[in-house]
Amino acid sequence: MITEGTMSTDIRSHTWALPGLEVTEVTLPVPLDHQDDTSARLELFARIYADPEGTDRPYLVYLQGGPGSEAPRSVGPDSPPWLARALREHRVIMLDQRGTGRSTPVGPDVALPEGAIDGAATLREATPAQQAQYLTHFRADAIVRDAELLREHLGVDTWSLLGQSFGGFTTLRYLSAAAASVETALFTGGIPSLGPDMESVYRTTWEGMAARSERHWARFPGDRDRMRALADRAEAGRLRLPDGQKVGVERLRRIGMLLGRSQGQEQLHYLLGLDPDSPAFAHDLAGALPFGGRNPIYAVIHESCWADGTVTDWAAERAMPGTVREDPTLLAGEHVHRELFTEDPELQVWAEAAELLAQHPWPRLYDEGALRAADVPGAAAVYYDDAYVPREYSMATAALLPRLRTWVTSEYEHGGLRSSGQVVLDHLLDLAKGRREA
């Protein structure tokens with residue numbers, strides 16, 4: 001069954017069915033700049049998934065990791081794997097955060113909303129300064145304001161949040177800015193540090209990635225020599241992707257992102273085992289490298305998600321230890337570097353804007369007083385050896401929230417919400433409602 005509905009000239013809805021699911025799509029206008037009533041309007045898109053017998057259940061908003069990635073697209077109750085568990089108690093809202101998916105996307109050739117940038121129809125036509133200014137409106141603070149407009153449109157006083165990785169950062173911002181709208185807050189691998197000291201966080205993640213690298217080489221001794229040989233190729237300009245673009249040493253080092261995933265060591269081992277001259281290796285290397293043109297926000301404003309009242313100034317690059325810089329077999333994780341914007345042809349259009357954004361004075365995202373006063377029950381999965389969001393910083397921030405219960409586990413990596421099936425979400429829902437101990 002498909003039904004169409006129009007609630008105003010600017011708000012659209014569309015309901016259709018999947019086996020075992022009722023799906024409602026909602027699109028509504030939101031300001032580019034929430035501080036300016038005359039601002040250009042973006043479109044905000046969300047899908048609402050419901051069990052056909054539970055269309056009156058309370059809402060749970062899923063906040064995707066990233067930044068810069070759209071919400072998952074479900075093809076059934078078990079897609080993504082945790083969805084069926086969520087639907088037992090909730091309707092689930094998959095929100096395409098601004099700049100992603102079917103919310104007005106960020107891209108060099110996407111038509112800009114009317115009035116967004118004077119003299120430019122697309123970001124490619126804009127000056128670097130205009131590009132940078134536009135992109136300052138795509139952080140967690142704006143995402144929360146967007147979500148509040150959606151909540152008001154749906155006519156509910158409160159709803160629950162499920163934040164994965166960067167989605168957890170957005171959840172914390174929600175508790176800092178609009179805790180009264182939150183029924184329950186759930187975090188999975190996404191409780192950020194507070195304050196301006198980004199370098200300490202990145203130093204910790206560099207140390208963690210070096211340790212992960214050494215564990216991998218100890219498990220697969222031949223892989224280190226293969227990695228070193230690839231780095232030599234990269235240094236000589238002879239390492240290329242299928243489209244011909246060169247991969248330098250620093251970009252190659254980012255295949256360490258695999259080590260932050262479940263079964264990541266095995267995936268890295270299989271990649272390094274391929275003939276480096278083979279098409280299979282070139283294609284699989286392209287698939288393993290983080291950051292790229294599909295989701296430009298992920299690269300261009302990635303560091304801003306850690307910026308709680310500070311200038312980022314390429315914090316990950318500055319925090320890189322000398323021992324790592326000198327040894328290309330010590331791999332990187334979610335660390336953005338300048339060369340990325342010259343090596344990747346799809347990111348070159350953003351190079352000057354990225355430099356400007358690295359010097360932008362980002363405002364604070366979190367209010368410690370508001371977090372201490374947030375009377376919201378919640379639960380957090382804190383992964384003991386998280387490659388991207390260090391445990392010690394997560395626990396320090398979690399201690400500020402009076403009703404948040406933490407579950408520290410070494411059983412899962414950063415993506416435990418997906419890789420565990422229903423286990424992580426089931427644990428968090430029960431923990432938040434007092435049905436189990438941490």
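Refer to the structure printed above.
Every value quoted in this text rests on a predicted model; they were computed, and no experiment measured them.

Rules and cut-offs
- Residues numbered from 1 in each chain as written.
- Predicted model: local features only at pLDDT ≥ 70, side-chain atom pairs only at ≥ 80, totals over all residues.
- Heavy atoms only, no water.
- Salt bridge = Lys/Arg side-chain N within 4 Å of Asp/Glu carboxyl O.
- Helix = DSSP H or I, 4+ residues; strand = E, 2+ residues; numbered from the N terminus.
- Buried < 20%, exposed > 50% of the residue type's maximum accessible area, 1.4 Å probe, protein only.
- Pairing = 2+ DSSP bridges.
- Right-handed = clockwise from strand over helix to strand, strands pointing away.
- Axes fitted to C-alpha atoms, helices over the stretch in contact; angles between N-to-C directions.
- Left-handed = near helix turned anticlockwise from the far one by under 90°.
- Contact = heavy atoms within 4.5 Å.
- Nonpolar A, V, L, I, M, F, W, Y, C, P; charged D, E, K, R; others polar.
- Phe/Tyr/Trp six-rings, centres within 6.5 Å; stacked < 30°, edge-to-face > 60°.
- Lys NZ or Arg CZ within 6 Å of the ring centre and 35° of its normal.

Caption draft 1: Highlighting the pattern of salt bridges. Under the counting rule described, the total for this entry stands at 35 salt bridges. One salt bridge in this structure joins arginine 212 and glutamate 413, with 3.0 Å as the shortest N-O distance. Taken together, the residues arginine 212 in helix α5 (residues 198-219) and glutamate 413 in the loop between β10 (404-409) and α17 (416-419) connect sequence positions 201 residues apart. Residue classification places glutamate 413 among the partly exposed positions, given a relative accessible area of 23%. The partner of glutamate 250 in a salt bridge is arginine 254, and the shortest N-O contact between them spans 3.0 Å. Comparing glutamate 250 with arginine 254, the two get one shared label, buried. By sharing partners, the salt bridges in this structure join Arg85, Glu89, Asp426, Asp430, Arg435 and Arg436 into a single network.

Caption draft 2: Quick peek at the pairing of β10. Direction of pairing for strand β9 (residues 378-383) relative to β10: parallel, over a ladder of six bridges. Looking at β10, one finds that alanine 380 is bridged to threonine 406. With helix α16 (residues 391-398) bridging β9 and the parallel β10, this β-α-β connection has right-handed handedness.

Caption draft 3: Fine view of unusual backbone geometry. Of note, the amide linkage connecting glycine 66 to proline 67 takes the cis form, showing an omega dihedral of 5 degrees. Within the element layout of this structure, proline 67 appears in the loop between β5 (59-63) and α1 (83-87). Backbone torsion omega between serine 79 and proline 80 reads 0 degrees, so that peptide bond is classified as cis. Relative to the elements of secondary structure, proline 80 occurs in the loop between β5 and α1. For phenylalanine 291, which is not glycine, the phi dihedral falls at a positive 65 degrees. The buried category is assigned to phenylalanine 291, whose relative accessible area is 7%.

Caption draft 4: Fine view of the packing of α5 against helix α8 (residues 264-272). It is at 11 Å that the axes of α5 and α8 come closest, and there the two elements cross at 60 degrees. When you trace α5 past α8, the crossing you get is right-handed. Along the contact surface, α5 presents Arg215, His216, Trp217 and Arg219, while α8 presents Gln265, Glu266, Leu268, His269 and Leu272. Per-class residue counts for the contact of α5 with α8 are three nonpolar, three polar and three charged.

Caption draft 5: Representation of the packing of aromatic side chains. Per the counting criterion, the structure on display carries seven aromatic pairs. Between tyrosine 62 and tryptophan 82, the aromatic rings sit 4.9 Å apart at their centres with planes inclined by 40 degrees, giving tilted as the arrangement. Of the two residues, tyrosine 62 is situated in strand β5 and tryptophan 82 in the loop between β5 and α1; the sequence distance between them amounts to 20 residues. The same class applies to tyrosine 62 as to tryptophan 82, namely buried. The ring of tyrosine 59 has arginine 91 lying over it, and the distance from NZ or CZ to the ring centre is 4.0 Å.

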